[in-house]
Amino acid sequence: MRQIKKIAITNEKGGVGKTMTAVNLSACLAQRGYRVLLIDADPQGYATLNYDVAVSPSLLEVLRGQATCTETVQTTCFGVDVLPSDRTLSIIEEDLIRQEMNGAPYLNTLEKALEDLADYDFVIIDCPPQGGRLMDIVHYYADAIIMPMFAEDYGIHALTLKAEAIADIRRTINPNLKILGGLITMDERRGLRSVF
Ligand SMILES: Nc1ncnc2c1ncn2[C@@H]1O[C@H](COP(=O)(O)OP(=O)(O)OP(=O)(O)O)[C@@H](O)[C@H]1O
Ligand SMILES: [Mg+2]
């Protein structure tokens with residue numbers, strides 16, 4: 001079985017704890033001695049803000065081939081390396097649409113852009129709360145997803161939708177993509193509010 005190394009934290013429902021999970025999971029793995037990179041793939045840039053790292057250059061420049069990973073990845077005192085982003089990342093959606101319309105392949109954009117990446121045990125990707133080409137390139141690159149969710153009916157509904165979407169992705173973009181699971185980040189009935 002292929003080793004799971006690149007994990008996307010994703011749910012198209014907003015505010016369910018994706019960034020919180022990405023930030024804490026990366027820190028916990030680093031604390032256990034793993035070499036960890038956190039990629040902020042959300043133009044909201046909250047994972048970057050959480051680690052308080054510089055954002056110039058950013059993932060956008062790496063994706064555009066205007067900066068190398070080596071000059072963009074930031075180290076932190078938590079042992080986690082961060083590939084930062086800010087709101088300028090939203091421009092990449094237009095780039096990818098243009099590429100697609102011109103008939104040029106775009107799905108491998110993230111994979112190609114990260115070719116010069118140092119060796120990591122885990123690459124954790126904080127994803128935005130919406131789909132689109134940016135999510136396509138993440139789904140193409142990742143080995144697996146974790147889906148943070150609330151313990152509520154809408155959460156189950158979102159998980160069902162995601163399972164269907166992943167089935168589509170496996171048929172088309174990435175046959176190896178696995179769902180590691182839904183991760184309950186909040187359960188109001190039981191007062192559960194933490195996962196790590
Ligand atoms: N387990 C938790 N317990 C308490 N608060 C939480 C928990 N998980 C997340 N939060 C809080 O909920 C808010 C939303 O969390 P977070 O930003 O991680 O969600 P998100 O899914 O990344 O949102 P978005 O879809 O906008 O990217 C934040 O204020 C965060 O601190
Ligand atoms: Mg977020």
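Residues numbered from 1 in each chain as written. Chains lettered and ligands numbered in written order. Predicted model: local features only at pLDDT ≥ 70, side-chain atom pairs only at ≥ 80, totals over all residues. Heavy atoms only, no water.

Draft legend 1. Looking closely at the pattern of salt bridges. According to the stated counting rule, one finds seven salt bridges in the structure shown. Of the charged contacts in the structure, one is a salt bridge between Asp121 and Arg35, with a shortest N-O distance of 2.9 Å. A residue pair is termed long-range when its members are at least 10 positions apart, and Asp121 in the loop between helix H6 (109-113) and strand S5 (122-126) and Arg35 in the loop between helix H1 (18-31) and strand S2 (36-40) qualify at 86 residues. Note on Arg35: relative accessible area 40%, which makes it partly exposed. Asp168 serves as the salt-bridge partner of Arg171, at 2.5 Å between the closest nitrogen and oxygen. Highlighted residues: Arg171 and Asp168, both in helix H8 (residues 153-171), separated by three residues, approximately one helical turn. According to the relative accessible area criterion, Asp168 is partly exposed, its value standing at 41%. It is possible to trace a salt-bridge network through shared partners that takes in Lys5, Arg35, Asp119 and Asp121. (Salt bridge = Lys/Arg side-chain N within 4 Å of Asp/Glu carboxyl O. Helix = DSSP H or I, 4+ residues; strand = E, 2+ residues; numbered from the N terminus. Buried < 20%, exposed > 50% of the residue type's maximum accessible area, 1.4 Å probe, protein only.)

Draft legend 2. Just the pairing of strand S1 (residues 6-9), in detail. Burial of the side chains of S1 extends over both faces: Lys6 and Ala8 are buried on one face and Ile7 and Ile9 on the other. Taken together, the four bridges between S1 and S5 define a ladder with parallel strand orientation. Bridge pairing in S5 links Ile9 to Asp126. In this sheet, strand S6 (residues 144-150) lies alongside S1 in parallel orientation, the contact comprising three bridges. From the neighbouring strand, Ile7 faces S6, where its bridge partner is Ala144. (Pairing = 2+ DSSP bridges.)

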